[in-house]
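# Summary of the model geometry
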Amino acid sequence: RAASGAAAAQLRQRLESELEDIRGAGTWKSERVIASRQGPHLRLAGGGGGIINFCANNYLGLSSHPEVIRAAVEALEEFGAGLSSVRFICGTQSIHKDLEDKIARFHQREDAILYASCFDANAGIFEALLTPEDAVLSDELNHASIIDGIRLCKANKYRYKHMDMQDLETKLQEAQKHRLRLVATDGAFSMDGDIAPLREICQLAQKYDALVFIDECHATGFLGPNGRGTDELLGVMDKVTIINSTLGKALGGAAGGYTTGPKPLIDLLRQRSRPYLFSNSLPPAVVGCASKALDLLMESNAIAQSMAAKTQRFRSKMTAAGFTISGKDHPICPVMLGDARLASVMAEDMLNRGIYVIGFSYPVVPKGKARIRVQISAVHSDEDIDRCVEAFTEVGRKHGALP
Ligand code: PLP
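Residues numbered from 1 in each chain as written. Predicted model: local features only at pLDDT ≥ 70, side-chain atom pairs only at ≥ 80, totals over all residues. Heavy atoms only, no water.

## Section: the site of the ligand
Rules: Whether a residue is near a molecule or strand depends on its heavy atoms: it is near if one of them lies within 4 Å of it. Polar contacts here mean pairs of N or O atoms no more than 3.5 Å apart (in protein, one a potential hydrogen donor and the other a potential acceptor; neighbouring residues in sequence count only if both atoms are side-chain atoms). Here a helix means four or more residues in a row that DSSP labels H or I, a strand means two or more in a row labelled E, and each is numbered from the N terminus. Note on residue categories: nonpolar means Ala, Val, Leu, Ile, Met, Phe, Trp, Tyr, Cys or Pro, charged means Asp, Glu, Lys or Arg, and polar means any other residue, Gly included.
Taken together, 13 residues surround the ligand, and among them Cys 118, Asp 215, His 218, Thr 246 and Lys 249 come closest. Between the ligand and His 143 there is a distance of 3.4 Å, counted from an oxygen atom to a side-chain nitrogen or oxygen. Thr 246 places a polar side-chain atom, nitrogen or oxygen, 2.7 Å from an oxygen atom of the ligand. With three residues, the single largest contributor to the shell around the ligand is helix 5 (residues 118–129). A class-by-class count of the residues in the shell around the ligand yields three nonpolar, seven polar and three charged.

Given below as structure tokens:
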């Protein structure tokens, strides 16, 4: 029932005009409805099946893995639908503690704390850890949740140019006057598929006595020889102090996030971190999914390795076809097109050919740098990848992106 009254009418009018502005600016985000499980092959509601999906963060294909689903069902049956409580009142079950232990072991850190999402983990950490005496130095292209988390804290804020080590050094010098310095970066950046130069960041951190924080949402489970993440890939597991990551992408894809690092930090977050203190516990089924995903990864690195081979296949075939793919060795493969309309029309035409990809343009990425982002999963077959490259080649020729 629509609310009545002048204020409600005024609000409706204002909202409608704002929505119209978004449509007019061409930045409207519509949602396609999936009528099947998440996976490499999808059925869209109201449409046919057989869509090959290249736009999920399902890097390891665990979102619909039979063992992950079974673990969720078992946890649901044994531990119930949910806790109806925050953790510190009566919301901590043995499975939450077990999962935290497992996460800490996986990352080879002292302890871990669970959140409802990595957005929450990022929203909670800076405010709990940093005071006006401290400083945080953040890459300008860090994820929105890091930016918001930093906004919430009272530390002195420095923003360095994207992956620019000279600029980071200058900012570290300026920040020497503060008690504690924390460099915060995404391990892998989701729009460009590029990987933070963590070796250099850690060297600078050592030189200027700073701590390093990384957001590993697009790295945990698959980067590095054993899928531990960017710190393993670049050989700095002992130099990165704090890791935040998600359970909602490679690790089963359900939901949830965490911080892992030194025990006193985790203890402090349990006392002070607001999204942890004032939000419901993770549901048991979600805990079950993530826990099983970690078991699978700790048993063998085969899944992570298979994803790396598929990524290599896609990147090299697309480059040979004449496309420019941003980033390096990451399953996020942005096909750079430049023009926003071209990206949007090509993405639509790819779907007509059964390939689900998404075009990104300003303001999500800089003006003139529109792209179609392709995400590779361990469960894509070689044929899936080849069909995607063929479709790109046809559509690219049709719309003038290729000669
Ligand atoms: N950090 C990065 C880099 C992300 O890409 C995302 C998700 O889009 C998040 C944090 C938030 O993760 P979650 O979905 O667990 O809230």
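## Describing a nonpolar patch on the surface
What counts here: Exposure above 30% relative accessible area and the absence of a salt bridge qualify a residue for a patch, where like charges join within 9 Å and nonpolar side chains (Val, Leu, Ile, Met, Phe, Trp, Tyr) within 5 Å. Only the protein chains shown count as covering a residue, and every accessible area follows the Shrake-Rupley method with a 1.4 Å probe. Salt bridge, as applied in this entry: a Lys or Arg side-chain nitrogen positioned within 4 Å of an Asp or Glu carboxyl oxygen. Each residue is assigned to one of three classes by its accessible area relative to the maximum for its type, calculated with a 1.4 Å probe on protein chains only: buried under 20%, partly exposed between the two thresholds, exposed over 50%.
Side chains of Leu 19, Ile 22 and Trp 28 sit close together on the surface and give an oily, nonpolar patch of about 240 Å² of accessible area. You can see Leu 19 is positioned in helix 1 (residues 6–24). The class of Leu 19 is partly exposed, set by a relative accessible area of 35%.

## With respect to the packing of helix 5 against helix 6 (residues 144–152)
Inclusion rule: Every axis corresponds to a line fitted to the C-alpha atoms, with the helix fit spanning only the stretch in contact, and the corresponding angles, defined between N-to-C directions, vary from 0 to 180 degrees. Working rule for angles: under 35 degrees goes down as roughly parallel, over 145 as roughly antiparallel, 65 to 115 as roughly perpendicular, anything else as oblique. The sense of a crossing depends on the near helix, which, turned anticlockwise from the far helix by less than a right angle, makes the crossing left-handed and, turned clockwise, makes it right-handed. By definition, residues are in contact when any of their heavy atoms lie within 4.5 Å.
Here helix 5 crosses helix 6 at 30 degrees, and the two axes come no closer than 7 Å. Between helix 5 and helix 6, the angle falls in the class roughly parallel. The crossing of helix 5 and helix 6 is right-handed. Counted together, Phe 119, Asn 122, Ala 123, Phe 126 and Glu 127 of helix 5 and Ser 145, Ile 146, Asp 148, Gly 149, Ile 150 and Leu 152 of helix 6 form the full contact between these two elements. Split into classes, the residues belonging to the contact of helix 5 with helix 6 amount to six nonpolar, three polar and two charged.

## Quick word on the side chain of His 107
Position of His 107 among the secondary structure elements: in helix 4 (residues 94–107). Judged by relative accessible area, which is 1%, His 107 ranks as buried. Sequence-distant contacts of His 107, that is, excluding residues within four places in its chain, are made with Thr 220, Arg 228, Met 237, Ile 243, Tyr 258 and Thr 260.

## Quick look at the pairing of strand 6 (residues 181–186)
Keep this limit in mind: If DSSP finds at least two bridges between two strands, the strands pair.
Summarising burial for strand 6: six of the six residues are buried, a large majority. In strand 6, alternate side chains face the same way, and those of Arg 181, Val 183 and Thr 185 on one face and Leu 182, Ala 184 and Asp 186 on the other are all buried. Here strand 4 (residues 135–139) pairs with strand 6 via four bridges, running parallel. In the sheet register, Val 136 faces strand 6, and the bridge partner there is Leu 182. Bridge count for strand 6 against strand 9 (residues 211–215) is five bridges, and the pairing is parallel. Bridging from a neighbouring strand, Thr 185 pairs with Ile 214 of strand 9.

## Quick look at the environment of Gln 176
Mapped onto the secondary structure, Gln 176 falls in the loop between helix 7 (165–174) and strand 6. Taking the C-alpha atoms as reference, Gln 176 lies 9.2 Å from Ala 210; in sequence the two are 34 residues apart.

## Some words on the sheet that holds strand 2 (residues 51–53)
Strands sit in the order 1-2-14 across an open sheet of three strands; the sheet is mixed. Single-partner strands in this sheet number two, and they are strand 1 (41–42) and strand 14 (355–356). The sheet contact formed by strand 1 and strand 2 spans two bridges and is antiparallel. Along strand 2, the bridge assignment pairs Leu 42 with Ile 51.

## Looking at the pattern of salt bridges
For side chains of opposite charge, pairing can occur when their charged atoms come near one another. The tally for this structure, following the rule as stated, stands at 24 salt bridges. Notably, a salt bridge pairs Glu 100 with Arg 87, separated by 2.9 Å at the nearest N-O pair. With Glu 100 in helix 4 and Arg 87 in helix 3 (residues 87–90), this pair connects stretches of sequence that are 13 residues apart. The same class applies to Glu 100 and to Arg 87, which are both buried.

## Looking at helix 4
Stated formally: The length a helix should cover is 1.5 Å for every residue beyond the first.
Along its 14 residues, helix 4 runs 20 Å from first to last C-alpha, staying within 8% of the 20 Å computed at 1.5 Å per residue. Along helix 4, the residues that are buried comprise Ile 95, His 96, Leu 99, Glu 100, Lys 102, Ile 103, Ala 104, Phe 106 and His 107. Count one or two residues on from helix 4 and you reach Gln 108, which has phi positive near 55 degrees.

## Some words on the UniProt feature "domain: Aminotransferase class I/classII large" (unreviewed entry) in the chain
The condition that has to hold: UniProt positions are given in the numbering used here, feature names are shortened, and annotations may be inferred rather than shown by experiment.
Those residues carrying the UniProt feature "domain: Aminotransferase class I/classII large" (unreviewed entry) are residues 51–392 in this numbering. The span residues 51–392 shows a helical share of 44% and a strand share of 18%, and its end C-alpha atoms are spaced 15 Å apart.

## Regarding the side chain of Ser 326
Along the chain, Ser 326 falls in the loop between strand 12 (324–325) and strand 13 (332–338). For Ser 326, a relative accessible area of 16% gives the class buried. At 2.9 Å, the side chain of Ser 326 forms a polar contact with the backbone oxygen of Asp 192. Excluding residues within four positions of it along the chain, Ser 326 makes contact with Asp 192, Arg 315, Ile 332, Pro 334 and Met 336.

## Considerations on the pairing of strand 16 (residues 370–375)
When you tally the buried positions in strand 16, you get six out of six residues, the bulk of the element. Of the two faces of strand 16, the one lined by Ala 370, Ile 372 and Val 374 and the one lined by Arg 371, Arg 373 and Gln 375 are each fully buried. Across six bridges, the pairing between strand 13 and strand 16 is antiparallel. Following the sheet pairing, Cys 333 is matched in strand 16 by Val 374. One ladder, built from three bridges, connects strand 15 (residues 358–360) with strand 16; its direction is antiparallel. Each residue of the ladder has a partner; that of Ile 358, found in strand 16, is Arg 373.

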